[in-house]
Amino acid sequence: MNAPQIAVYPGSFDPLHNGHLDIIKRCCPLFDEVIVAVLGNQTKDALFSVAERVGIIRSEIDDLEACRVEGFSGLLVDFMDREGARIIVRGLRAVSDFEYEFQMALMNRRLNSRVETVFLVPKDEYIYLSSRLVKEVYFLGGDLEGLVGATALERLAKKGQEAEKVDPRGG
Ligand code: PNS
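Keep in mind it's a predicted model, so treat the numbers as computed, not measured.

## Here's the deal with the overall build of the chain
- The helix and strand tally for the chain stands at 6 helices and 5 strands.
- In the chain, the succession of helices and strands from N to C terminus is β-α-β-α-β-α-β-α-β-α-α.
- Taken over the C-alpha trace, the chain has a radius of gyration of 17 Å; the compact-globule value for 171 residues is 16 Å, and the two agree within 12%.
- Seen through its principal axes, the chain has C-alpha atoms that stretch 60 × 30 × 30 Å.
- In the chain, which comprises 171 residues, the share counted as buried stands at 43%.
- The contacts of the chain with a sequence gap of at least 6 include a subset with a gap of at least 24, amounting to 73%.
- When the accessible area of the chain is evaluated, it comes to approximately 10100 Å², of which 52% is carbon and sulfur surface.

## Comments concerning the sheet that holds strand S5 (residues 116-120)
- In space, the 5 strands of this open sheet follow the order S3-S2-S1-S4-S5, with parallel pairing throughout. With one partner strand each, in any of the chains shown, strand S3 (67-72) and S5 form the two edges of the open sheet. The average undirected angle you get between the axes of adjacent strands in this sheet is 30 degrees.
- The pairing of strand S2 (residues 33-39) with S3 spans 6 bridges and is parallel. Within S3, the position partnered with Val34 by the bridge is Cys67.

What counts as what
Residues numbered from 1 in each chain as written. Predicted model: local features only at pLDDT ≥ 70, side-chain atom pairs only at ≥ 80, totals over all residues. Heavy atoms only, no water. Helix = DSSP H or I, 4+ residues; strand = E, 2+ residues; numbered from the N terminus. Rg over C-alpha atoms; globule rule 2.2 N^0.38 Å. Buried < 20%, exposed > 50% of the residue type's maximum accessible area, 1.4 Å probe, protein only. Contact = heavy atoms within 4.5 Å. Areas by Shrake-Rupley, 256 points an atom, 1.4 Å probe, with all protein chains shown as cover. Pairing = 2+ DSSP bridges. Axes fitted to C-alpha atoms, helices over the stretch in contact; angles between N-to-C directions.

Here it is as structure tokens:
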């Protein structure tokens, strides 16, 4: 019997948006199991902790069979070895993503030659979407209807309230 094909969809997910969710839903039918892997390295200024990001994702993928979410730190390929996974899934939105993705795919393959990266393209209505823009638009009062899930919106609101408590002038 062939070993189950386990794919890892890694990212910062700070927070998960509907473009990410679209990729998760697209890759689930393609593999036996999909692990959404949330980067915990402290190299980036994240708004949400790893536990918060994992919680947001968990609430959105609740109904997806054979899909789970884990935090990881260190090298992605080491996490994959521990999970018995050989496939990395990444979303490609535009040509501007390509160079960064190309570098990562080649570096990961150099680090572990058994690892392959596959790219999926999200629904066109999410092609411009990024977690950075989600945070910016939210904190400037813009409408995110249809772009992020209910849990992410609720957690963004909580962060806004926490920030107001620290500085009531919102500065
Ligand atoms: O959503 P992002 O921030 O573009 O995701 C980047 C991520 C998490 C996939 C990448 O930074 C990563 O895999 N980091 C783990 C550290 C690692 O393995 N680095 C070497 C591979 S290039």
